[in-house]
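# Chain and residue survey
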Amino acid sequence: MPEGIHPQFQLNILSRSDHSLSRRQISDAALKVLYRLNQAGYRACLVGGGVRDVLLGKQPKDFDVSTSATPEQVKALFKNCQLIGRRFRLAHIRYGREVIEVATFRSHEPESPKTELNDEGRILRDNTFGSIEQDALRRDFTVNALYYDINDYSVLDYADGIQDLQNKTLKLIGDPATRYKEDPVRMLRAVRFAAKLNFTIEQRAAEAIFEYGYLLRDIPSARLYDEVLKIFHSGYALRAYELLRHYQLFQYLFPALDLHLQSEPAEAMLDFIEQALVNTDLRIAEDKPVSPAFFFAALLWPLVHQKAIQLQSEKLGTLPALISAGNEIFCEQIKTISVPRRFSQIAKNIWSMQPRFCNTNGKQPLRLLHHPNFRAAYDFFCIQSMVGLTTHQLCEWWTQFQIDTPVEPAARPIGHRPRRHRKPRQSQNKAE
Ligand code: ATP
Ligand code: MG
């Protein structure tokens with residue numbers, strides 16, 4: 001048994017009649033993958049969030065499959081399969097917009113020559129195949145180590161996950177320090193699941209977050225970008241934000257903002273961030289799209305606003321000050337979280353459009369209305385009005401203006417005549 005893994009776990013099998021998970025709750029695509037692997041003679045189980053969430057009566061975000069087939073064997077079975085991943089090789093099987101992630105059972109063997117660790121104990125590469133038992137014990141939390149076996153429809157509980165599911169507890173498998181050192185992102189995952197599932201992080205795992213949070217400094221900015229979006233676009237952004245701050249992890253994601261928040265910032269700006277996160281959660285609950293651009297624009301606004309005011313006091317005009325402040329704040333932020341340029345550009349547009357909402361005269365409002373990022377900038381402006389950073393009347397004026405302005409045929413910028421034989425332009429990343 002490798003270091004850090006508890007030897008006391010015993011397999012608990014819940015037969016088909018002993019659990020609430022049924023095939024109706026699993027997507028057709030996931031079922032197809034499971035059945036085809038099984039028919040080809042491989043062991044095939046649903047694992048992770050797909051089992052956990054269904055047992056909790058929630059709709060899973062995606063379905064992950066774990067199998068005895070190697071990535072190459074999986075590829076040979078599915079035409080629509082792509083092998084990906086450096087840290088571990090995975091198969092992605094695509095059905096339309098749905099992707100089923102298929103991973104081969106792997107073992108957790110820090111000593112194995114196939115496992116590359118850095119000096120801190122972080123796993124850089126880990127491709128040792130193993131048994132299903134070993135696969136269960138290398139997973140992060142006990143509630144994430146539940147398997148639904150397509151062969152007999154039983155649920156396999158290798159790490160007392162069912163008990164923790166009932167107690168609403170997130171328990172790391174093994175020694176928290178070792179597990180966080182192997183992969184510090186597990187601390188962010190703890191917060192994400194605690195927020196999403198409304199679970200408590202078990203005491204040992206919680207305490208170790210305060211001690212090892214600093215290890216997140218070593219995580220590549222691209223991975224942090226992915227994780228941050230998973231955290232804040234899970235439908236529980238406000239709770240996650242509060243937990244990240246509670247566990248002192250926020251500083252490793254948004255260092256400048258964290259410092260600012262500790263320096264007695266304007267109450268309205270704190271309210272603004274919270275209101276933006278509430279709105280994000282509401283949009284997700286209503287199945288409306290959310291955009292990374294809007295999220296970063298909202299979160300970094302206190303910094304950009306403060307910097308722009310400072311630049312204005314140094315005699316820069318309102319717009320140049322906002323542009324310059326936006327560039328500077330993003331330049332710092334992307335050192336930690338690599339926000340793709342297409343999103344940072346929209347965030348900058350949202351900021352620099354804000355003063356234009358104060359002008360309701362002449363042709364300016366119509367021009368603003370036709371800006372490709374108008375809708376996101378308007379939502380942003382309305383949140384400002386909700387927390388007293390601008391007036392309600394202005395926000396209402398713009399709401400009415402959109403109702404009063406026919407969308408067709410004047411839905412193109414004033415003074416801009418479309419060229420013939422050209423398709424109408426569509427904004428790619430609609431931030432609404
Ligand atoms: P959701 O899909 O809702 O975000 P999930 O639990 O399915 O939650 P995924 O990121 O899809 O999370 O990963 C699938 C499973 O893979 C997890 O449940 C867990 O068992 C395992 N896993 C993922 N990331 C890690 C990690 N960093 N360390 C250990 N196990 C992990
Ligand atoms: Mg998943």
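Report on the accompanying structure. (Residues numbered from 1 in each chain as written. Chains lettered and ligands numbered in written order. Predicted model: local features only at pLDDT ≥ 70, side-chain atom pairs only at ≥ 80, totals over all residues. Heavy atoms only, no water.)

Neither face of strand S2 (residues 44–47) is exposed, since Ala44 and Leu46 on one face and Cys45 and Val47 on the opposite face are all buried. Bridge analysis of S2 against strand S3 (residues 64–67) gives 4 bridges, and the strand direction is antiparallel. Across the sheet, the residue bridging to leucine 46 is valine 65, located in S3. (Buried < 20%, exposed > 50% of the residue type's maximum accessible area, 1.4 Å probe, protein only. Helix = DSSP H or I, 4+ residues; strand = E, 2+ residues; numbered from the N terminus. Pairing = 2+ DSSP bridges.)

For the rest of this paragraph, the subject is the site of ligand 1. Taken together, 16 residues surround ligand 1, and among them Gly49, Arg52, Asp183, Arg186 and Arg192 come closest. Aspartate 64 has a polar side-chain atom sitting 3.1 Å from an oxygen atom of ligand 1. Taking arginine 139, its side chain carries an N or O atom lying 2.9 Å from an oxygen atom of ligand 1. When the free accessible area of ligand 1 is taken as 590 Å², the share hidden by the protein chains comes to 89%. Within the residue set of the shell around ligand 1, elements represented by two or more residues are helix H2 (49–55) and helix H7 (185–197). It is H7 that contributes the most residues to the shell around ligand 1, 5 residues altogether. Here the residues of the shell around ligand 1 are counted per class, giving 1 nonpolar, 3 polar and 12 charged. (Near = heavy atom within 4 Å. Polar contact = N/O pair within 3.5 Å; in protein donor to acceptor, adjacent residues only side chain to side chain. Areas by Shrake-Rupley, 256 points an atom, 1.4 Å probe, with all protein chains shown as cover. Nonpolar A, V, L, I, M, F, W, Y, C, P; charged D, E, K, R; others polar.)

At 3.6 residues per turn, the α-helix brings residues three or four places apart onto the same side. With 12 residues, helix H9 (residues 221–232) should reach 16 Å at 1.5 Å per residue; the first-to-last C-alpha distance of 16 Å fits that figure. Taken residue by residue, H9 has Leu224, Tyr225, Glu227, Val228, Leu229, Ile231 and Phe232 as its buried positions. In this structure, the buried residues of H9 make contact with H7, helix H10 (237–246), helix H11 (250–253), helix H13 (267–285), helix H14 (292–313) and helix H16 (341–353). (Expected span 1.5 Å × (residues − 1). Contact = heavy atoms within 4.5 Å.)

Turning our eyes to something else, we now look at the coordination of the magnesium ion (ligand 2). Coordination sphere of the magnesium ion (ligand 2), protein contribution only: Asp62 (OD) and Asp64 (OD), at 2.2 to 2.4 Å. Judged by its relative accessible area of 30%, aspartate 62 falls in the partly exposed class. The exposure class assigned to aspartate 64 is partly exposed, which follows from its relative accessible area of 21%. (Donors = N, O, S within 2.8 Å, 3.2 Å for Na, K, Ca; no water.)

Judged by side-chain charge, Glu242, Glu267, Asp271 and Glu274 come together as a negatively charged surface patch. With 3 residues, H13 is the largest single contributor of residues to the negative patch. Mapped onto the secondary structure, glutamate 242 falls in helix H10. (Patch = residues over 30% accessible without salt bridge, like charges linked within 9 Å, V, L, I, M, F, W, Y side chains within 5 Å. Salt bridge = Lys/Arg side-chain N within 4 Å of Asp/Glu carboxyl O. Lys, Arg positive; Asp, Glu negative; His and termini not counted. Charge placed at Lys NZ, Arg CZ, Asp CG, Glu CD.)

So, on to the packing of aromatic side chains. Evaluated as defined, the whole model comprises 23 aromatic pairs. Between tryptophan 301 and phenylalanine 380, the aromatic rings sit 5.4 Å apart at their centres with planes inclined by 80°, giving edge-to-face as the arrangement. Of this pair, tryptophan 301 sits in helix H14 while phenylalanine 380 sits in helix H18 (residues 374–386), and the two are 79 residues apart along the sequence. Assessed through its relative accessible area of 3%, tryptophan 301 is described here as buried. Both rings, one in phenylalanine 374 and one in tryptophan 398, keep their centres 5.9 Å apart while their planes meet at 45°; by these two values the pair is tilted. Taken together, the residues phenylalanine 374 in helix H18 and tryptophan 398 in helix H19 (residues 392–404) connect sequence positions 24 residues apart. Note on tryptophan 398: relative accessible area 0%, which makes it buried. The structure contains a cluster of three or more aromatic residues connected by ring pairs, namely Tyr225, Phe232, Tyr241, Phe250, Phe254, Phe295 and Phe296. For the cation-ring pair, arginine 23 lies above tyrosine 153, with the distance from its terminal atom to the ring centre recorded as 4.1 Å. (Phe/Tyr/Trp six-rings, centres within 6.5 Å; stacked < 30°, edge-to-face > 60°. Lys NZ or Arg CZ within 6 Å of the ring centre and 35° of its normal.)

Our focus in this paragraph is the side chain of asparagine 349. Tracing the backbone through its elements, the reader meets asparagine 349 in helix H16. Among all residues touching asparagine 349, those that are not within four sequence positions of it are His371 and Asn373.

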